[in-house]
Amino acid sequence: MTTSSIEIRRLLPADATLYRDIRLEALRLSPEAFGSAYETESVHPVGWFAERLVHGAVILGAFRDGELAGILGFVVEQGPKRQHKGALVGMYVRQQGRRGGIGRRLVEAALELAAQSVELVQLVVVKGNEPAVRLYQSMGFVEYGLERHALKIDGRYHDDILMAKDLVGRS
């Protein structure tokens with residue numbers, strides 16, 4: 001597979017079934033990577049996911065051979081004091097698409113989108129997800145903090161690494 005065979009585009013309400021499937025897969029297989037839970041979102045119908053595609057974060061989808069292989073959200077902070085910042089959220093690449101450039105292409109597309117509206121992009125990655133940390137570092141994100149015990153799942157705590165990328169080159 002080449003990265004040129006990957007199509008990145010914004011998911012639309014017509015993609016809600018595909019989005020629901022991959023989102024629930026992500027929550028089920030990687031619960032430590034998301035603030036939301038499978039049990040919370042799985043009860044919602046497809047229409048709820050369609051609404052999120054319209055009124056929530058911009059959700060980008062990576063399609064390989066017509067199949068949705070990965071997703072990544074981008075959201076701009078609200079309010080005059082925070083609207084210079086955005087965040088990458090909900091990153092997930094299906095197992096068969098990993099190590100094939102899909103994650104990199106999603107982040108590149110999200111950063112292109114972010115550059116149109118914000119100065120700083122932030123993200124959170126669970127401590128221990130070294131492939132994701134390496135990807136983000138290779139794309140210019142730097143760690144600026146650690147949130148200890150960010151999530152508690154089945155009695156076990158998970159820490160979050162806070163990362164950011166300055167899009168305007170300030171030091």
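So, a few notes on the structure that sits alongside this text. (Residues numbered from 1 in each chain as written. Predicted model: local features only at pLDDT ≥ 70, side-chain atom pairs only at ≥ 80, totals over all residues. Heavy atoms only, no water.)

Side note on the packing of helix H4 (residues 102-114) against helix H5 (residues 130-138)
Thought 1: Two elements in contact, H4 and H5, have axes separated by 11 Å at closest approach and are oriented at 45 degrees. Compared by their axis directions, H4 and H5 come out oblique. For the crossing formed where H4 meets H5, the hand is right-handed. When H4 is examined against H5, the residues Gly103, Arg104 and Val107 are found in contact with a partner set consisting of Leu135, Tyr136 and Ser138.
Thought 2: Among the residues making up the contact of H4 with H5, the classes are represented as three nonpolar, two polar and one charged. (Axes fitted to C-alpha atoms, helices over the stretch in contact; angles between N-to-C directions. Helix = DSSP H or I, 4+ residues; strand = E, 2+ residues; numbered from the N terminus. Parallel < 35°, antiparallel > 145°, perpendicular 65-115°, else oblique. Left-handed = near helix turned anticlockwise from the far one by under 90°. Contact = heavy atoms within 4.5 Å. Nonpolar A, V, L, I, M, F, W, Y, C, P; charged D, E, K, R; others polar.)

Quick look at the side chain of Glu25
Thought 1: Assignment of secondary structure puts Glu25 in helix H1 (residues 16-29).
Thought 2: The residues contacting Glu25, other than those within four sequence positions of it, are Ser30, Tyr92 and Arg94.

With respect to helix H3 (residues 46-55)
Thought 1: Those residues of H3 that fall on the buried side of the exposure criterion are Phe49, Ala50 and Leu53. Buried residues of H3, viewed axially, fall in a sector of 105 degrees; they line one side.
Thought 2: Here the buried face of H3 lies against strand E1 (6-10), H1, helix H2 (38-41) and strand E2 (58-64). (Buried < 20%, exposed > 50% of the residue type's maximum accessible area, 1.4 Å probe, protein only. Arc of directions from axis to C-beta.)

What about H1?
Thought 1: When the terminal C-alpha atoms of H1 are compared, their 20 Å separation across 14 residues agrees well with the 20 Å that a helix rising 1.5 Å per residue should span.
Thought 2: When we look at burial in H1, the residues that qualify are Ala16, Tyr19, Arg20, Ile22, Arg23, Leu24, Glu25, Ala26 and Leu27.
Thought 3: Next to the buried residues of H1 lie H2, H3, E2, strand E3 (67-76) and strand E4 (85-93). (Expected span 1.5 Å × (residues − 1).)

Examining unusual backbone geometry
It is generally the case that most residues other than glycine have a negative phi and that most peptide bonds are trans.
Thought 1: Within the chain, Asp65 stands out as a residue other than glycine whose phi angle is a positive 55 degrees.
Thought 2: Tracing the sequence through the fold places Asp65 in the loop between E2 and E3.
Thought 3: The class of Asp65 is exposed, set by a relative accessible area of 69%.
Thought 4: Notably, Arg99 is not glycine yet its phi reads approximately 65 degrees, a positive angle.
Thought 5: On the secondary structure map, Arg99 appears in the loop between E4 and H4.
Thought 6: When its relative accessible area of 88% is taken as the criterion, Arg99 is described as exposed.

As for the environment of Gln122
Thought 1: In this structure, Gln122 sits in strand E5 (residues 120-126).
Thought 2: If we skip the residues at most four places from it in the chain, Gln122 touches Lys85, Gly86, Ala87, Leu88, Tyr144, Met163 and Ala164.

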